[in-house]
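Structural characterization, general
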Amino acid sequence: MVRYARGDKRMLHDIMLLRAGKILLGNRYDAKKARTVLKELRAGDFIPMNSLPGKELPGNRPTYFFGKFLYFIVRMAAPEVMVETGVAHGVSSWTILNAMHRNGKGKLYSIDLPNLDLQSYNPENLQKTSGWVVPDLLRQRWELRLGSSVELLPTLMSELGAIDIFFHDSDHSYENMLFEFNAVFHGVKSGGLIISDDVHKNTSFSEFVHTHPLNGIRFFTKGGAAVLR
Ligand SMILES: C[S@@+](CC[C@H](N)C(=O)[O-])C[C@H]1O[C@@H](n2cnc3c(N)ncnc32)[C@H](O)[C@@H]1O
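This text gives an overview of the structure that appears in the document.

Some points on the overall build of the protein
- Broken down by element type, the protein carries nine helices and seven strands.
- Compactness check: the protein gives a C-alpha radius of gyration of 17 Å against a globular reference of 17 Å for 229 residues, within 12% of the reference.
- Considered along the principal axes of its C-alpha atoms, the protein spans approximately 50 × 45 × 35 Å.
- Residue burial in the protein is summarised as follows: out of 229 residues, 51% are buried.
- If you sum the accessible surface of the protein, you get close to 11,000 Å²; carbon and sulfur atoms cover 53% of it.
- When the 28 positive and 23 negative side-chain charges of the protein are each reduced to one mean point, those points stand 11 Å apart.

Let's talk about the side chain of threonine 95
- When you line up the elements, threonine 95 lands in helix H5 (residues 91–103).
- Residue classification places threonine 95 among the buried positions, given a relative accessible area of 0%.
- In terms of polar contacts, threonine 95 uses its side chain to reach the backbone carbonyl oxygen of asparagine 60, at 2.8 Å.
- In this structure, threonine 95 is in contact with Asn60, Arg61, Pro62, Gly67, Leu70 and Tyr71, ignoring residues within four places of it in sequence.

Notes on the environment of proline 114
- For proline 114, the location among the structural elements is in the loop between strand E2 (107–112) and helix H6 (136–139).
- Taking C-alpha positions, proline 114 is 29 Å from alanine 78, a pair spaced 36 residues apart along the chain.
- If we ignore the near neighbours within four places in the chain, the residues touching proline 114 are Ser130, Leu146 and Gly147.

Regarding the site of the ligand
- If you check the shell around the ligand, you find 18 residues, and the closest are Asn60, Gly86, Ser92, Ser149 and Asp169.
- In this structure, aspartate 112 approaches the ligand through a side-chain N or O atom, which is 2.9 Å from an oxygen atom.
- Measuring from a nitrogen atom of the ligand, one finds a backbone N or O atom of serine 149 at 2.9 Å.
- Here the ligand loses 92% of its free accessible area of 610 Å² to cover by the protein chains.
- For the shell around the ligand, a count of residues per class yields five nonpolar, nine polar and four charged.

Brief notes about unusual backbone geometry
- In this structure, alanine 78 is a non-glycine residue whose phi angle is positive, near 45°.
- With respect to the helices and strands, the residue alanine 78 is situated in the loop between helix H4 (65–77) and strand E1 (81–85).
- In this structure, alanine 88 takes a positive phi of about 55° despite not being glycine.
- Overall, alanine 88 belongs to the buried group, its relative accessible area being 10%.

Considerations on helix H8 (residues 174–185)
- A rise of 1.5 Å per residue sets the reference length of H8, with its twelve residues, at 16 Å; its end C-alpha atoms lie 16 Å apart and thus fit the reference within 8%.
- Restricting attention to buried positions, one finds in H8 the residues Asn176, Met177, Glu180, Phe181, Val184 and Phe185. Buried residues of H8, viewed axially, fall in a sector of 165°; they line one side.

Quick look at the packing of H4 against H5
- Contact geometry for H4 and H5: axes closest at 8 Å, N-to-C directions at 30°. When the axis of H4 is compared with that of H5, the two are roughly parallel. Read as a crossing pair, H4 and H5 show a hand that is right-handed. Taking contact as the criterion, the partners of Gly67, Leu70, Tyr71, Val74 and Arg75 in H4 are, on H5, Ser92, Thr95, Ile96, Asn98, Ala99, Met100, Arg102 and Asn103.
- Grouping the amino acids of the contact of H4 with H5 by side-chain chemistry returns six nonpolar, five polar and two charged.

About the cut-offs
Residues numbered from 1 in each chain as written. Predicted model: local features only at pLDDT ≥ 70, side-chain atom pairs only at ≥ 80, totals over all residues. Heavy atoms only, no water. Helix = DSSP H or I, 4+ residues; strand = E, 2+ residues; numbered from the N terminus. Rg over C-alpha atoms; globule rule 2.2 N^0.38 Å. Buried < 20%, exposed > 50% of the residue type's maximum accessible area, 1.4 Å probe, protein only. Areas by Shrake-Rupley, 256 points an atom, 1.4 Å probe, with all protein chains shown as cover. Lys, Arg positive; Asp, Glu negative; His and termini not counted. Charge placed at Lys NZ, Arg CZ, Asp CG, Glu CD. Polar contact = N/O pair within 3.5 Å; in protein donor to acceptor, adjacent residues only side chain to side chain. Contact = heavy atoms within 4.5 Å. Near = heavy atom within 4 Å. Nonpolar A, V, L, I, M, F, W, Y, C, P; charged D, E, K, R; others polar. Expected span 1.5 Å × (residues − 1). Arc of directions from axis to C-beta. Axes fitted to C-alpha atoms, helices over the stretch in contact; angles between N-to-C directions. Parallel < 35°, antiparallel > 145°, perpendicular 65-115°, else oblique. Left-handed = near helix turned anticlockwise from the far one by under 90°.

In structure tokens form, the structure reads like this:
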């Protein structure tokens, strides 16, 4: 309690992760593995990202709750195929690929617009390409496609057929979020997951969950996830 009051959220985050894992994975949830993954998060022993000295780039990294969740759920669900929209510098891709690297399996397909978003994600106009922080060692499990998700996501889904996890973090407009959820839904395997950042920005995630055979959770911090029943 005292640690929490001083700003140490680790225990609270651990409890949130364990609870989310149980809800989303059901009888696939492995309590012993969950404790191991929490230890990995505490140790912070990841394949390092490409970085710029003294700069913390924005994105879902495992020091913040939603980045922890991404690492945790990818370690726990051990997906073979995962799709992500919205890459920017590549921090969330790096987080997911670190989890896949530890799993020793999995491939991540990511879609991002070709130019780094200057407004929120690249205000200093770093002359970099999407996903530049992902180091070579992690790229063997990664395929990055550049273009709008409206154009690329339906084609990618028909190529892949079935996927284990979808993660939305591109344009958070109501229309685009619903478009992406609908574009992937029929390819998500039974027991597969739809994860979304920034679900508080509009009602698309909760509407989608309530109108499809999904069990969803929302984190009070940010983001949400749903499992296909
Ligand atoms: C919030 S950032 C992604 C952050 C990243 N997921 C992370 O956590 O490190 C959003 C990214 O989505 C991209 N984007 C926006 N609209 C898009 C669209 N329609 N299709 C694909 N990418 C899009 C932006 O260019 C930006 O790079």
